[in-house]
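Working through the structure, step by step
The lines below spell out each chain.
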Amino acid sequence: MLTTGPRGTRDILPDSSGYWQYVENMIREVCRNFAYQEIRTPIFEHTELFLRGIGETTDIVEKEMYTFTDRGKRNITLRPENTAAVVRSYLENKLYAGPQPTKLFYIGPMFRYDRPQAGRYRQFHQFGVEAIGAQGPAIDAEIISLAVEFLNRLGLNDLKLLINSVGCPACRPVYRTKLQEFFRDKVSQLCTDCQSRYDRNPMRILDCKNETCTEHSQGAPHMVDCLCDECSSHFTGLKEHLTAAGINFVINPRLVRGLDYYTKTAFEIQYSPLGAQSAVCGGGRYDGLIAECGGQPTPGIGFAIGIERVLLALEKQELLPIINNAIDVFVAPLGAETQAAAFQILTELRRANIAVDMDFINRSLKAQMKYANKYPAKFVALIGQDELAQNKVMLKNMETGSQELVERAELVHMIIEGMEK
Ligand code: AMP
């Protein structure tokens, strides 16, 4: 237990943290281009927020939440997703009082008690965006376009964008009744989850992964054929905007979210080389959520992208960047008496904003040179007994192999000059 992390968690080690930084930098760059600003909310919230914000009949709430009672007897949950928390923060901090829409992005860990496998973890990370306060389909297209642009910039081009409309509280009840009629004779043959979904949330039967349920739902009526005028024209508008932006899409009537506050646009981006866990991005409109959380009725739309899956895709396609851990200078003390002087040099160089390391374990000269080369270091600053006595340093340029004895007072200046060459 002491040397093994909990199941479904992973360490991001130094040999891969550079890839995470690369992806995070891309997120920040794209969000800046699209004018979305970062929000950082806490990792835990009141459980009630997720019961409301995700829905009590969802798998997340029913089976996957990390929930506990804290020492003050509060019911707390580690966030399984972040839309509800962003909405909570939007209301608590009155972000609606600023210019609208409120365009936000976040990056951070989420927690779900899921069955771990490749691309599925109990602590995983999402990059998500939320645009709150805009009604029309243009913002839906912007959100989708942001996700596609981010993935494209990383080099992932072989994407499949699936879109659907899940209607609204005006047209969905009619569809729901039609669906229940369609499944009426088949209920007993569906999986136990779907049997309970039949009454509570029949749309969810459509996205059940169970083979029998998939078979039985062939030929089921489609929400897009039952949309009210408003939802229908919104969906048409979305398709027009996506087409105008040159973004390819496929309509998938199985893409559903059965809760009342999810409205109109639902979408998913798949990257098929990932196999079973091919979904990299899921999103949609939630025009009823803000009111559900106690605010004025306000439209909203967002998505979440799984960062682990993006990294898996980049690895699979050999698109991971080469990470540069090079340093400018390696300070090499020769003998214990020179350690303090070496440390002083190290400190001066760092104060001048130069990337520097030194030997801390009394390596031989040969081993120090080998270590410096491994980084690689552009310069090695050697300080032995003689150099110490003369208040000088032997500065070796590792690229050219040339070396010269320099005054300690000149060192920073010479290195900065040498780095510019
Ligand atoms: P969701 O919030 O369920 O719509 O998920 C959005 C995205 O987060 C998915 O498309 C995945 O890329 C990612 N994701 C969801 N659950 C997990 C998990 N348990 N482990 C890793 N990534 C996940």
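First, a word on what this report is: a plain description of the structure on this page. This is a predicted model, so every value here is computed, not measured.

Next up on the list: the overall build of the chain. When its secondary structure is counted, the chain shows 15 helices and 16 strands. Relative to a compact globule of 421 residues, whose C-alpha radius of gyration would be 22 Å, the chain shows 28 Å and is clearly more extended. With respect to the principal axes defined by its C-alpha atoms, the chain has extents near 95 × 50 × 40 Å. Per-residue burial for the chain yields a buried fraction of 48% across its 421 residues. Put simply, of all contacts in the chain between residues at least 6 apart along the chain, 69% involve residues at least 24 apart. Element-wise, carbon and sulfur atoms account for 49% of the exposed surface of the chain, whose accessible area totals about 21,300 Å². Seen as two clouds, the 47 positive and the 51 negative side-chain charges of the chain have centres 3 Å apart.

Turning our eyes to something else, we now look at the sheet that holds strand β4 (residues 75–78). Adjacent strands of a sheet form backbone hydrogen bonds with each other and so pair up, either parallel or antiparallel. The 3 strands lie next to each other as β2-β4-β3, forming an open sheet whose pairing is antiparallel. What marks the edges here is a single partner per strand, and that holds for β2 (44–46) and β3 (66–69). Neighbour to neighbour, the strand axes of the sheet diverge by 35° on average, direction disregarded. Examined bridge by bridge, β3 and β4 share 4 bridges and lie antiparallel to one another. Bridge assignment links F68 to a residue of β4, and that residue is I76.

Let us now look at the pairing of strand β14 (residues 377–383). Where burial is concerned, most of β14 is hidden: 7 out of the 7 residues are buried. Inspection of the sheet shows strand β12 (residues 327–333) paired to β14 by 6 bridges, in the parallel sense. Pairing of F330 across the sheet is with V380, part of β14. Sheet analysis places β14 next to strand β15 (residues 392–397), joined by 4 bridges and oriented antiparallel.

Next up on the list: the packing of aromatic side chains. The final tally for this structure, using the stated rule, is 9 aromatic pairs. Taking 5.5 Å as the distance between ring centres and 50° as the angle between the ring planes, the aromatic pair formed by Y261 and Y262 counts as tilted. Both rings, one in Y371 and one in Y375, keep their centres 5.6 Å apart while their planes meet at 70°; by these two values the pair is edge-to-face. Of note, R363 hangs over the ring of Y371, and the distance from its end group to the ring centre comes to 3.8 Å.

What follows is about the sheet that holds β15. Spatial ordering of the open sheet is given by β13-β12-β14-β15-β16, a layout of 5 strands whose pairing is mixed. The outermost strands of the open sheet, each flanked by one partner alone, are β13 (356–358) and β16 (403–407). Within this sheet the neighbouring strands show an average axis-to-axis angle of 25°, counted without direction. Contacts from helix α12 (residues 339–351) reach β12, β13, β14 and β15, with the element oriented near 170° to β13. Running at roughly 160° to β14, helix α15 (residues 411–420) makes contact with β12, β14, β15 and β16 of the sheet.

Around the ligand, the surrounding shell holds 13 residues, and the nearest of these are R112, G119, Y121, Q126 and A279. Between the ligand and the protein, one listed contact pairs an oxygen atom with a side-chain N or O atom of R112 at 2.8 Å. One of the backbone nitrogen or oxygen atoms of V280 is found 3.2 Å away from an oxygen atom of the ligand. Burial of the ligand by the protein amounts to 86% of the accessible area it has alone, namely 490 Å².

Glancing now at the environment of A170. Residue placement: A170 occurs in the loop between β7 (160–165) and α6 (172–183). What makes A170 exposed here is its relative accessible area of 57%. For the pair A170 and E230, spaced 60 residues apart in sequence, the C-alpha to C-alpha distance is 9.6 Å.

Let us look at the environment of N93. Inspection of the secondary structure puts N93 in the loop between α4 (83–92) and β5 (102–111). Take N93: its relative accessible area is 46%, and that puts it in the partly exposed class. A sequence separation of 266 residues divides N93 from D359, and the C-alpha atoms of the two residues are 50 Å apart.

Looking at the secondary structure, you find E45 in strand β2. Side chain to side chain, E45 and R88 meet in a polar contact 2.7 Å long.

Attention shifts here to the packing of helix α5 (residues 137–153) against helix α9 (residues 229–244). Running from N to C, α5 and α9 point in directions that differ by 45°, and their axes come no closer than 8 Å. Considered as vectors, α5 and α9 are oriented oblique to each other. Seen from above, α5 lies across α9 with right-handed handedness. Facing α5, whose interface residues are P137, A138, D140, A141 and I144, α9 presents H234, G237, L238, H241 and L242.

Right, let's get into the packing of α12 against α15. As a packed pair, α12 and α15 sit with axes 10 Å apart at the nearest point and diverge in direction by 50°. When the axes of α12 and α15 are compared, the pair comes out oblique. The hand of the α12/α15 crossing is right-handed. Where α12 abuts α15, its residues I345, E348 and L349 lie against L411, V412 and I415. Residue composition of the contact of α12 with α15, grouped by class: 5 nonpolar, no polar and 1 charged.

Cut-offs used in this document
- Residues numbered from 1 in each chain as written.
- Predicted model: local features only at pLDDT ≥ 70, side-chain atom pairs only at ≥ 80, totals over all residues.
- Heavy atoms only, no water.
- Helix = DSSP H or I, 4+ residues; strand = E, 2+ residues; numbered from the N terminus.
- Rg over C-alpha atoms; globule rule 2.2 N^0.38 Å.
- Buried < 20%, exposed > 50% of the residue type's maximum accessible area, 1.4 Å probe, protein only.
- Contact = heavy atoms within 4.5 Å.
- Areas by Shrake-Rupley, 256 points an atom, 1.4 Å probe, with all protein chains shown as cover.
- Lys, Arg positive; Asp, Glu negative; His and termini not counted.
- Charge placed at Lys NZ, Arg CZ, Asp CG, Glu CD.
- Pairing = 2+ DSSP bridges.
- Axes fitted to C-alpha atoms, helices over the stretch in contact; angles between N-to-C directions.
- Phe/Tyr/Trp six-rings, centres within 6.5 Å; stacked < 30°, edge-to-face > 60°.
- Lys NZ or Arg CZ within 6 Å of the ring centre and 35° of its normal.
- Near = heavy atom within 4 Å.
- Polar contact = N/O pair within 3.5 Å; in protein donor to acceptor, adjacent residues only side chain to side chain.
- Parallel < 35°, antiparallel > 145°, perpendicular 65-115°, else oblique.
- Left-handed = near helix turned anticlockwise from the far one by under 90°.
- Nonpolar A, V, L, I, M, F, W, Y, C, P; charged D, E, K, R; others polar.

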